[in-house]
Amino acid sequence: MSRPAAKTLDFIQIDTVDKTTLKRLTRKFGTKGRLFWWELLRLSARTTDYLIDLSDPLEAEDIFESELFVTKEQGMEIIAFLIQNGNIDKETWTRKKCIWIENLIARHSHVFVKRNEIPKNPSKIQKPKKQ
C-alpha cells in the first residue's frame, strides 16, 4: 500500500540575495513587508491547492493577524502592492478574494514533476458546462 501523494510543500526555496520584490516591499513597508511576503509564501506552500482564501472577513482578519503578523488594513495594503507588482494573481483576487502565487508553483516545479501533477490555479479551472 502506497502513501497518498502530498498536497502541500514541506519546504520552499529562499534566495540569499534580495530580489526586486523584497527590495520594493522593504522600501515601502519596512520589515513588516518582508515578513509578510515570506509568511505569505510559507502559508501558501502549506495550504491545500496553494490557494489562500480571504473571502470571509473574519477568517481573513485571523489569517492576517495570526499567520502574517499584520493588521487586516496593513495586509490589504501589502496585497494591493503585490498585485500591482505582479506577485499575486490579480484576477483570482478580484473575483474570489483568494491569493494565488504562480511563481511559488514555478519555482518548485521540480517537486511537482516528481509528483506527476503540477498545481493549477483552482479558481481559473474551467468547469464543464452542463448539457
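The structure under discussion appears in the preceding block.
Participant: Where do I start with a negative patch on the surface in this structure?
Facilitator: Together, Asp 53, Asp 56, Glu 59, Glu 61, Asp 62, Glu 65 and Glu 73 make up a region of like negative charge exposed at the surface. Positionally, Asp 56 belongs in the loop between strand E1 (51–53) and helix H3 (57–67). Classification of Asp 56 by relative accessible area gives partly exposed; the value is 40%.

Participant: Can you help me understand the nonpolar core in this one?
Facilitator: Across soluble globular proteins, you tend to see nonpolar side chains buried next to one another. Phe 36, Leu 40, Leu 54, Ile 79 and Ile 99 are the most contacted members of the largest nonpolar core, which totals 35 residues. Among the secondary structure elements, those contributing two or more residues to this core are helix H1 (20–29), helix H2 (31–45), E1, H3, helix H4 (72–84), strand E2 (98–100), helix H6 (102–107) and helix H7 (109–115). Top contributing element to this core by residue count: H2, with six residues. The contact partners of Leu 54, leaving out residues within four places of it in the chain, are Ala 60, Ile 63, Phe 64, Ile 79, Trp 93, Lys 97, Cys 98 and Ile 99.

Calculation rules
Residues numbered from 1 in each chain as written. Predicted model: local features only at pLDDT ≥ 70, side-chain atom pairs only at ≥ 80, totals over all residues. Heavy atoms only, no water. Patch = residues over 30% accessible without salt bridge, like charges linked within 9 Å, V, L, I, M, F, W, Y side chains within 5 Å. Areas by Shrake-Rupley, 256 points an atom, 1.4 Å probe, with all protein chains shown as cover. Salt bridge = Lys/Arg side-chain N within 4 Å of Asp/Glu carboxyl O. Lys, Arg positive; Asp, Glu negative; His and termini not counted. Charge placed at Lys NZ, Arg CZ, Asp CG, Glu CD. Helix = DSSP H or I, 4+ residues; strand = E, 2+ residues; numbered from the N terminus. Buried < 20%, exposed > 50% of the residue type's maximum accessible area, 1.4 Å probe, protein only. Core = buried A, V, L, I, M, F, W, Y, C linked by side-chain atoms within 4.5 Å. Contact = heavy atoms within 4.5 Å.

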